[in-house]
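Chain and residue survey
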Amino acid sequence: MSEDVQKLHEELHREFEALKAKLAEAEAEKAKAVDERESAETKAAIAKIDDRMTEIEVKLERVAKLDAQRGEQDPAEPTETEKRAKAFFEFVRHGKQVLSMEQKALIENTAGEILVPEELESAIRRAPEGTFPLRSLIRVLPTASNRIRNRAIDEVSVGWGALETGTVVTESTPVPTEAFIYVEDLNGLAKVGKDELADSDFGLSAYLADSFGRAVRTTEETGFIAGTGHANEQPKGMLDGATLTRVSAAGPGALVAEDVLDLIYSVDEAFARSGTLLINRSTELALRKLKDTQGQFLWQPSLQVGAPASFNGVPVVTQGDVPAIPASGTAGDVAIFGDLARLYRVYDRTGITIQRLDELYAESGLVGFLLHFRVGGGIWDATAAKVLNVPAI
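Read on for a plain summary of the structure. No experiment lies behind these values; they were computed from the predicted model shown.

**Here we look at the overall build of the protein**
Assigned secondary structure in the protein consists of eleven helices and 13 strands. When contacts within the protein are restricted to residue pairs at least 6 apart in sequence, long-range pairs at least 24 apart make up 75% of them. Surface accessibility of the protein: about 22800 Å² in total, with carbon and sulfur atoms responsible for 52%.

Okay, here's the thing in structure tokens:
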């Protein structure tokens, strides 16, 4: 029974008791043959209570129906999810040794690591974007597998002309290819003071979500840009190897407007329409200074909150792991442009786990929490984007 229903029942009971009292008063008035004025007042009071009871009954029926639709449970009977969350935070605050009955609600994997409750896992994955833009630009999917197969096939060629006129059919020999995106292991470490853990007012859930979210996001974004692949237990980064086509800038050590325009217009129109320019913040500064032949700045600041600025009409997003413009005499990649959601895929393996480290930081009055997070990333369609490369000479 919900709290609202309980309150309405109590109110209805009070009104019923008041009605009984007024009815008894009316009977007494009749027995004593009181004057007509007093009997009229009592009748009016009885009618008012009766109307109020009808109103409460209607409200009670409506609230009870809403409760039934929500499938609301008795607050005295917590759900399994609530039991798990309570047990988890008891474990985080005090360790396993004090859990008693709540320990049954904890879920461990085969390595003895505690599974993070679904609500906290979702909060970690929703860590504030801030300087972590990639997850909002690329495609992120859940997986229960350790690797995901990416099958592709060459495009088919076609040509104009009717067969009956002797037109030679345009032939193509599609070549299937196969690659894999592997799910890798990622660990994050948060350290909390023992005093804070003992403080019931300390926002433990928010702290863990923020600390772990930032630790994971910082490392994974580096992997999505510069990761060197499964052989090194890392995601396959966008800039790793020669998977993406490079467009060469005109000269070393600097960019001119034509370099960026060449990159943008080198990408297939289908991907350029939904393309984003991904650059380092220092490269952004260089682009902000570039002008067209009329002396007009090609950079346009955003006029809408949350929307990116643009360069020649193309959205620009900064990401710290994209390399800055190298000094003259050194070659380097400096920008990625294309449909990043088509270019790259990230796979989150469900089931984040945590270990409590009681002894390692004990001398400092801290307790460590080691997060185990599984995520994979790799190129999905290499034709969807290209890279601007500054030459050495």
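**Some points on the packing of aromatic side chains**
Under the counting rule described, the total for this entry stands at four aromatic pairs. Taking the centre distance of 5.2 Å and the plane angle of 80° together, the rings of Phe88 and Phe89 count as edge-to-face. Residue Phe89 is classed as partly exposed on the basis of its relative accessible area of 21%. Plain terms: the ring middles of Phe224 and Tyr344 are 5.7 Å apart, the flat faces sit at 55° to each other, and that makes the pair tilted. Of this pair, Phe224 sits in helix 7 (residues 204-226) while Tyr344 sits in strand 11 (residues 344-357); the two residues are 120 residues apart in sequence, bridging distant segments of the chain. Assigned by exposure class, Phe224 and Tyr344 land together as buried.

**Quick look at unusual backbone geometry**
Although it is not a glycine, Glu233 adopts a positive phi angle of roughly 55°. Looking at the element boundaries, Glu233 is found in the loop between helix 7 and strand 5 (245-248). Non-glycine residue Asn312 carries a positive phi angle of around 55°. Relative to the helices and strands, Asn312 is located in the loop between strand 8 (309-311) and strand 9 (314-318). Here Asn312 falls in the partly exposed class, since its relative accessible area comes to 35%.

**Describing the nonpolar core**
Counting 69 residues, the largest nonpolar core has Met238, Leu277, Leu278, Leu287, Ile336, Leu343 and Leu388 as its most contacted members. For this core, the leading source of residues is helix 7, giving seven residues. For Leu388, the contacting residues outside a window of four places in its chain are Val247, Ser248, Ala249, Leu255, Asp259, Val260, Leu263, Gly332, Asp333, Val334 and Ala335. Membership of the second largest hydrophobic core comes to five residues, among which are Ile148, Ile181, Val183 and Trp380.

**Overview of the packing of helix 3 (residues 80-94) against helix 4 (residues 118-125)**
Look at helix 3 against helix 4: their axes get within 9 Å of each other, and the N-to-C directions meet at 70°. With respect to helix 4, the axis of helix 3 lies roughly perpendicular. Residues Thr81, Arg84, Phe88 and Phe89 of helix 3 pack against Glu118, Glu119 and Leu120 of helix 4. Looking at side-chain class alone, the contact of helix 3 with helix 4 contains three nonpolar, one polar and three charged residues.

**Brief notes about the packing of helix 3 against helix 7**
Orientation of helix 3 relative to helix 7, taken along the N-to-C sense of each, is 80°, at an axis distance of 11 Å. As the angle between them shows, helix 3 and helix 7 are arranged roughly perpendicular. For the pair helix 3 and helix 7, the contacting residues are Phe89, Val92 and Arg93 in the first and Leu204, Ser205 and Leu208 in the second. Here the contact of helix 3 with helix 7 is built from residues that sort into four nonpolar, one polar and one charged.

**Section: helix 7**
Spanning 23 residues, helix 7 covers 33 Å between terminal C-alpha atoms, matching the ideal 33 Å at 1.5 Å per step. Of the residues making up helix 7, those classed as buried are Leu204, Leu208, Ala209, Phe212, Gly213, Val216, Arg217, Glu220, Glu221, Gly223, Phe224 and Ile225.

**Notes on the sheet that holds strand 6 (residues 276-279)**
Across a sheet, strands are paired by hydrogen bonds formed along the backbone, either parallel or antiparallel in direction. Spatial ordering of the open sheet is given by 5-13-10-6-9-8-7, a layout of seven strands whose pairing is mixed. The open sheet has two free edges, formed respectively by strand 5 and strand 7 (299-300), since each of these has just one partner strand. Bridge analysis of strand 6 against strand 10 (residues 332-338) gives four bridges, and the strand direction is antiparallel. When the sheet's bridge partners are listed, Leu277 is paired in strand 10 with Phe337. Against the sheet, helix 10 (residues 281-288) contacts strand 6, strand 7, strand 8, strand 9 and strand 10, and its axis sits at roughly 120° relative to strand 6.

**Considering the pattern of salt bridges**
Taken as a whole and assessed by the stated rule, the structure comprises twelve salt bridges. Here Arg125 and Glu121 are joined by a salt bridge, their closest N and O atoms 2.9 Å apart. Pair noted here: Arg125 and Glu121 are both in helix 4, with a separation of four residues, about one helical turn. Just as Arg125 is buried, Glu121 falls in that class too. As a salt-bridge pair, Arg342 and Asp381 come within 2.8 Å of each other at their nearest N and O atoms.

**What to know about helix 4**
Turning to helix 4, its buried residues number three or more, namely Leu120, Glu121, Ile124 and Arg125. The arc that holds every buried residue of helix 4, seen down its axis, measures 140°, which confines them to one face. Of the surrounding secondary structure, the elements contacted by the buried residues of helix 4 are helix 3, helix 7, strand 11 and strand 12 (366-379).

**Quick notes on the environment of Leu277**
You can see Leu277 is positioned in strand 6. Distance in space between the C-alpha atoms of Leu277 and Leu263 is 9.5 Å, their sequence separation being 14 residues. When residues no more than four places from it in sequence are discounted, the contact partners of Leu277 are Val260, Leu263, Leu287, Val314, Pro315, Val316, Val317, Ala335, Ile336 and Phe337.

What counts and what doesn't
Residues numbered from 1 in each chain as written. Predicted model: local features only at pLDDT ≥ 70, side-chain atom pairs only at ≥ 80, totals over all residues. Heavy atoms only, no water. Helix = DSSP H or I, 4+ residues; strand = E, 2+ residues; numbered from the N terminus. Contact = heavy atoms within 4.5 Å. Areas by Shrake-Rupley, 256 points an atom, 1.4 Å probe, with all protein chains shown as cover. Phe/Tyr/Trp six-rings, centres within 6.5 Å; stacked < 30°, edge-to-face > 60°. Buried < 20%, exposed > 50% of the residue type's maximum accessible area, 1.4 Å probe, protein only. Core = buried A, V, L, I, M, F, W, Y, C linked by side-chain atoms within 4.5 Å. Axes fitted to C-alpha atoms, helices over the stretch in contact; angles between N-to-C directions. Parallel < 35°, antiparallel > 145°, perpendicular 65-115°, else oblique. Nonpolar A, V, L, I, M, F, W, Y, C, P; charged D, E, K, R; others polar. Expected span 1.5 Å × (residues − 1). Pairing = 2+ DSSP bridges. Salt bridge = Lys/Arg side-chain N within 4 Å of Asp/Glu carboxyl O. Arc of directions from axis to C-beta.

The values are spatial; any link to function lies outside them.
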